[in-house]
Amino acid sequence: MASQDWFDKDFYKVLGVDKSVSAADLKKTYRKLARQYHPDSNPGDAKAEATFKEISEAYSVLNDPEQREEYDQIRAMGSGARFSAPGAGAGGGFDDVFSRFGQGRQAPSGGFDDFFTMFDQQGGGFGSGRFGQTTGGFRGFGGPQKGADVSARTTLDFVTAAKGETITLAGEDNVPFKVKIPAGVSDGQKIRLRGRGRKSPDGGESGDIVVTVAVRPHPVFTRDGLNLRITVPVTFTEAALGATIEVPTLGGDPVRLRVAPGTPSGRVLRVKGRGISTTKGTGDLLAEVQVAVPTHLDDAAREALERFHELEPKENPRADLMAKAR
């Protein structure tokens, strides 16, 4: 982080907390905001991603007691302070900005190079060389290099992906690590574990672990966004005369559905709130009715169907199809 950021940014305001906030409440607030604005929860939302980076930056400073103390001291000097080369505008540039931290120490006289050596000196005039970074000393305008990300994959059964669960995976060097699978994770979705990847080569922040999730198909249910779809067979008489049937739900008790008389194949019956439940909402269960045709008939059943055929309305269900095809 560039030094000027500590003057310009109010990290307490970013997190929506008071300056006297305790470490426990700070952590609780950060976790809530992180869940709300995490890129995995807001795919394609650039504004949410930018907010997530801001709250992560604020928390990384305020969560470290030493950095928080230094930050409070810098902010006490006034948010209007600006870094400038000597003679550029009012004030004395760097000397004026840091004179309070020198405790009477003479300001460096050898220009910028001399000035920045302060940050790498043990017991120097400014926080023992720590200046607004999570790890490592001052590395120039670019800052320390972030560590490399680590890729991982896992395959989940359909129910685990829908309900969510904490699982354990084997990382590099077979070191296990835990991954919290959010409810409603979809096939191909990536879960990012911040700061759990490889360490920075020069004292910067660690990289991330990026877990790609594969979801095994379910023998009965399929996903349609937050909705669950299921195909429900019914007999010809149930479809023609109407019936009340039982339909399974994902990991729960079955529900009873009313099939109206004259229901055709392909009609979809909706059960509210029995789909996938996530922080973004809860879907429905969509039951598609399919009329099952019997493959074996005894003599009595065949005779009954033949009598029905003689009595049924003499309507051609394909009449419109033929007309439209011409």
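Anyway, here's the lowdown on the structure attached to this text. (Residues numbered from 1 in each chain as written. Predicted model: local features only at pLDDT ≥ 70, side-chain atom pairs only at ≥ 80, totals over all residues. Heavy atoms only, no water.)

1. Description of the overall build of the chain
At step 1: Across its full length, the chain carries 11 helices and 13 strands.
At step 2: Counting every position in the chain, which comprises 326 residues, the buried fraction comes to 33%.
At step 3: Contacts in the chain between residues at least 24 apart in sequence constitute 54% of all its contacts with a sequence separation of at least 6.
At step 4: Accessible surface computed for the chain: about 20,400 Å², of which carbon and sulfur atoms make up 51%. (Helix = DSSP H or I, 4+ residues; strand = E, 2+ residues; numbered from the N terminus. Buried < 20%, exposed > 50% of the residue type's maximum accessible area, 1.4 Å probe, protein only. Contact = heavy atoms within 4.5 Å. Areas by Shrake-Rupley, 256 points an atom, 1.4 Å probe, with all protein chains shown as cover.)

2. Some remarks on the environment of aspartate 72
At step 1: Among the structural elements, aspartate 72 can be located in helix α5 (residues 65-76).
At step 2: For aspartate 72, a relative accessible area of 31% translates into the label partly exposed.
At step 3: In the structure, aspartate 72 is positioned 10 residues away from leucine 62 in sequence and 9.3 Å away in space, judged by C-alpha atoms.

3. Topic: the packing of helix α4 (residues 46-62) against α5
At step 1: As a packed pair, α4 and α5 sit with axes 6 Å apart at the nearest point and diverge in direction by 100°. For the element pair α4 / α5, the angle class is roughly perpendicular. The segment α4 lies against α5, with Ser60, Val61 and Leu62 engaging Gln67, Arg68 and Tyr71.
At step 2: In the contact of α4 with α5, the residues fall into 3 nonpolar, 2 polar and 1 charged. (Axes fitted to C-alpha atoms, helices over the stretch in contact; angles between N-to-C directions. Parallel < 35°, antiparallel > 145°, perpendicular 65-115°, else oblique. Nonpolar A, V, L, I, M, F, W, Y, C, P; charged D, E, K, R; others polar.)

4. Some points on the pattern of salt bridges
At step 1: Enumeration according to the criterion identifies 10 salt bridges in this entry.
At step 2: Ionic pairing is found between arginine 192 and aspartate 149, a salt bridge with its closest N-O pair at 3.3 Å. Placement of the pair is arginine 192 in strand β4 (residues 190-193) and aspartate 149 in the loop between α7 (112-116) and β1 (150-156), with a sequence separation of 43 residues.
At step 3: Taking relative accessible area as the criterion, arginine 192 reaches 28% and is therefore assigned partly exposed.
At step 4: Classification of aspartate 149 as partly exposed rests on a relative accessible area of 40%.
At step 5: Notably, a salt bridge pairs aspartate 208 with arginine 194, separated by 3.5 Å at the nearest N-O pair. Of this pair, aspartate 208 sits in the loop between β4 and β5 (209-215) while arginine 194 sits in the loop between β4 and β5, and the two are 14 residues apart along the sequence.
At step 6: The exposure class assigned to aspartate 208 is buried, which follows from its relative accessible area of 2%.
At step 7: Residues joined by salt bridges that share partners form a network here, namely Lys146, Asp149, Arg192, Arg194 and Asp208. (Salt bridge = Lys/Arg side-chain N within 4 Å of Asp/Glu carboxyl O.)

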